[in-house]
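Given next are the chains, with one letter for each unit.
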Amino acid sequence: MSDKAILEVNGEKHEFPLITGTENEVAIDVKALRGSTKGVITLDPGYKNTGSCESAITFLDGEKGILRYRGYSIEELAEKADFLEVAYLLIFGELPNQEQLDKFHADIKSHSIVDDDVKKILDAFPKAAHPMGVLSSLTSALTAFNPSSVNVDSEEDMYNAIVRILGKFPVLVAWTMRKKHGLPLEYGDDSLGYVENVLKMMFKSPNKDYEQNDILVNALDKLLILHADHEQNCSTSTVRITGSSHAGLFVSLSAGISALWGPLHGGANQAVLEMLEAIKEDGGDTKKYMAKAKDKSDPFRLMGFGHRVYKNFDPRAKIIKVAADEVLGDLGVEDPILDIAKGLEKEALEDPYFVDRKLYPNVDFYSGIIYRAMGIPVEMFTVMFALGRLPGWIAQWKEMRMRKEPIGRPRQLYTGETLRPFTSIENR
Ligand code: CMC
């Protein structure tokens, strides 16, 4: 194969190098485009064809339905690793040995106290506030309580910032939920594993001991692993681009949380459950909602279906579908919306509209059903996604800073008015 691409602009030929990734993906390197063509740019709204960076963290082949973190398949990681090992893998590039993992966990625990004054900020939010907005604000506010900026050239500084946020973030997650439900705010329990601690902080009742349930711990661990990274999606790109201005780690993460909130991205897990509930309330007529999803004059979309990159089964959805059956079975929960979800999936996979557009269930289609069976309130679903995605955001922010990437600053094609004289107010 040739190692260059040739582009003809106004009769003049320009050559651009082709870059090949380790999985043989090919990119045209257009860094010199504007200079050599004297001002011509590429236009690609939504970045459907545009790579924003080179990255060695996550590999995704949407046509084949492959997802790997640092070369390890998502299927193997979900089965054999735990969330903290996966976090370490994503952030530092290799699976930790036992000693490294123990130290990592101990360092995270040593940072698991959130300044008590953060509770005052939380108190100022109305109970009705969506936990994602609260979480984004509190994550940003952490900067004020940990003001020293990270020297990214210092491995120690970088490490400390990473374990600090991994320690404090689960506390914020739990507090956003407890505030909404009028429960006293708890700190964690250092004798517990990372995921066990999250569950205890979220669900401990003030008047009785909290009993760990291995089914919940294992289910949450798996869900967090499946959400831990997904290369250059909307929120991750937001984290990278925010950090590219050399804004700190916590505010970059806060920006990522805001981006994740939207229903086309992480907010889809809440939207899926609300959609399934609405279908149930409406008599369970899935055909009616399939018709709505296909009707271009109707804004309704089948939430949890379709993906920008996957044009095949989302491998995460396959794992979650099996997990949903297992977790509901283990917990003895019978949820009629699981049957509605399965019915919708079956219909969509046989429907030419969905088949032609390669629309398959994505990670969010079944995750909400598991969260609900675990007793997690629906408005917390996207917060749980953020908890899982945290190591991925950190890894991507770190990679961006270590590679000394330039500030993210897209170009545009201006389509507004050309120069016109100012009209004074009395003449308008
Ligand atoms: N229901 C009905 N039609 C759909 C759907 C859907 N869920 N998704 C895409 N389409 C149609 C869309 O109308 C368009 O049709 P046409 O070619 O006739 O105009 C075609 O499929 C392509 O869709 P698109 O919106 O151009 O694709 P996109 O890559 O810009 O959007 C998406 C991807 C995920 C935003 C979209 O599929 C969607 O809105 N899905 C529902 C929301 C959802 O489940 N999001 C979670 C994504 S996975 C979690 C994460 O990582 O964020």
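Reading guide: rules and limits
- Residues numbered from 1 in each chain as written.
- Predicted model: local features only at pLDDT ≥ 70, side-chain atom pairs only at ≥ 80, totals over all residues.
- Heavy atoms only, no water.
- UniProt positions renumbered as here; feature names shortened; annotations may be inferred.
- Phe/Tyr/Trp six-rings, centres within 6.5 Å; stacked < 30°, edge-to-face > 60°.
- Helix = DSSP H or I, 4+ residues; strand = E, 2+ residues; numbered from the N terminus.
- Buried < 20%, exposed > 50% of the residue type's maximum accessible area, 1.4 Å probe, protein only.
- 1 Å grid on protein atoms, 1.4 Å probe; cavity = no way out; pocket = protein on both sides within 12 Å on 5 of 7 lines; lining within 4 Å.
- Points joined across faces, edges and corners; volume = space filled by probe spheres on them.
- Near = heavy atom within 4 Å.
- Polar contact = N/O pair within 3.5 Å; in protein donor to acceptor, adjacent residues only side chain to side chain.
- Areas by Shrake-Rupley, 256 points an atom, 1.4 Å probe, with all protein chains shown as cover.
- Contact = heavy atoms within 4.5 Å.
- Pairing = 2+ DSSP bridges.
- Axes fitted to C-alpha atoms, helices over the stretch in contact; angles between N-to-C directions.
- Parallel < 35°, antiparallel > 145°, perpendicular 65-115°, else oblique.
- Left-handed = near helix turned anticlockwise from the far one by under 90°.
- Nonpolar A, V, L, I, M, F, W, Y, C, P; charged D, E, K, R; others polar.

The protein chain is annotated in an unreviewed UniProt entry as Citrate synthase from Winogradskyella haliclonae. Under the heading Pathway (unreviewed entry), UniProt records this for the protein chain: "Carbohydrate metabolism; tricarboxylic acid cycle; isocitrate from oxaloacetate: step 1/2." Note on the protein chain: under the UniProt heading Sequence similarities (unreviewed entry), the record states "Belongs to the citrate synthase family."

A. Examining the packing of aromatic side chains more closely. Applying the stated criterion across every chain, the model contains 13 aromatic pairs. Ring centres 5.7 Å apart and planes at 75 degrees place the aromatic pair Phe305 and Phe354 in the edge-to-face group. In this pair, Phe305 is assigned in the loop between α13 (286-294) and α14 (315-331) and Phe354 in helix α16 (residues 352-356), connecting sequence segments 49 residues apart. Phe305 sits in the buried class, given a relative accessible area of 11%. Ring centres of Phe365 and Tyr366 lie 5.0 Å apart, and the angle between their planes is 85 degrees; this geometry places the pair in the edge-to-face category. Of the two residues, Phe365 and Tyr366, neither departs from the other in class, the shared state being buried. Taken together, Phe305, Tyr353, Phe354, Phe365 and Tyr366 form an aromatic cluster joined through their ring pairs.

B. Region of the structure containing the layout of surface pockets. Empty space within the second largest pocket amounts to approximately 440 Å³. Taken together, 25 residues make up the lining of the second largest pocket; nearest its centre are Asp82, Val217, Asn218, Asp221 and Lys222. Of all elements in the fold, only α2 (74-80), α3 (83-92), α4 (98-109), α8 (194-203), α9 (214-227) and α14 reach the threshold of two or more residues within the lining of the second largest pocket. Of the residues forming the lining of the second largest pocket, the biggest block, seven residues, is contributed by α9.

C. Structural view of the site of the ligand. Around the ligand lies a shell of 22 residues, among which His265, Arg301, Leu302, Gly304 and Arg308 are the nearest. Lys296 places a polar side-chain atom, nitrogen or oxygen, 2.9 Å from an oxygen atom of the ligand. Measuring from a nitrogen atom of the ligand, one finds a backbone N or O atom of Leu302 at 2.8 Å. When the free accessible area of the ligand is taken as 940 Å², the share hidden by the protein chains comes to 79%.

D. Representation of the side chain of His230 within the structure. You can see His230 is positioned in the loop between α9 and α10 (234-243). Classification of His230 by relative accessible area gives buried; the value is 5%. At a separation of 3.5 Å, a polar atom in the side chain of His230 contacts the side chain of Arg316. Discounting chain neighbours no more than four positions away, the residues touching His230 are Thr58, Leu60, Leu67, His307, Tyr310, Arg316 and Arg389.

E. Region of the structure containing the sheet that holds strand β6 (residues 72-73). With respect to topology, three strands assemble into an open sheet ordered β4-β5-β6, the strand pairing being antiparallel. Whereas interior strands pair on both sides, the edge strands pair on one side only; in this sheet they are β4 (58-61) and β6. In this structure, strand β5 (residues 66-69) lies alongside β6, joined through two bridges in antiparallel fashion. Within β6, the position partnered with Arg68 by the bridge is Ser73.

F. Focus on the packing of α4 against helix α7 (residues 155-180). The contact between α4 and α7 brings their axes to 7 Å, and the two run at 65 degrees. On the basis of the axis angle, α4 is roughly perpendicular to α7. Every pair of crossing elements has a handedness; the one defined by α4 and α7 is right-handed. Along its contact with α4, which presents Lys103, Phe104, Asp107 and Ile108, the element α7 presents Tyr159, Val163, Leu166 and Gly167. In terms of residue class, the contact of α4 with α7 is built from five nonpolar, one polar and two charged.

G. Representation of the pairing of strand β1 (residues 4-9) within the structure. Direction of pairing for β1 relative to strand β2 (residues 12-20): antiparallel, over a ladder of six bridges. Bridged to Val9 within β2 is Glu12. Linkage of β1 to β2, two consecutive antiparallel strands, is achieved through a turn of two residues, within which Asn10 is found at a positive phi near 50 degrees.

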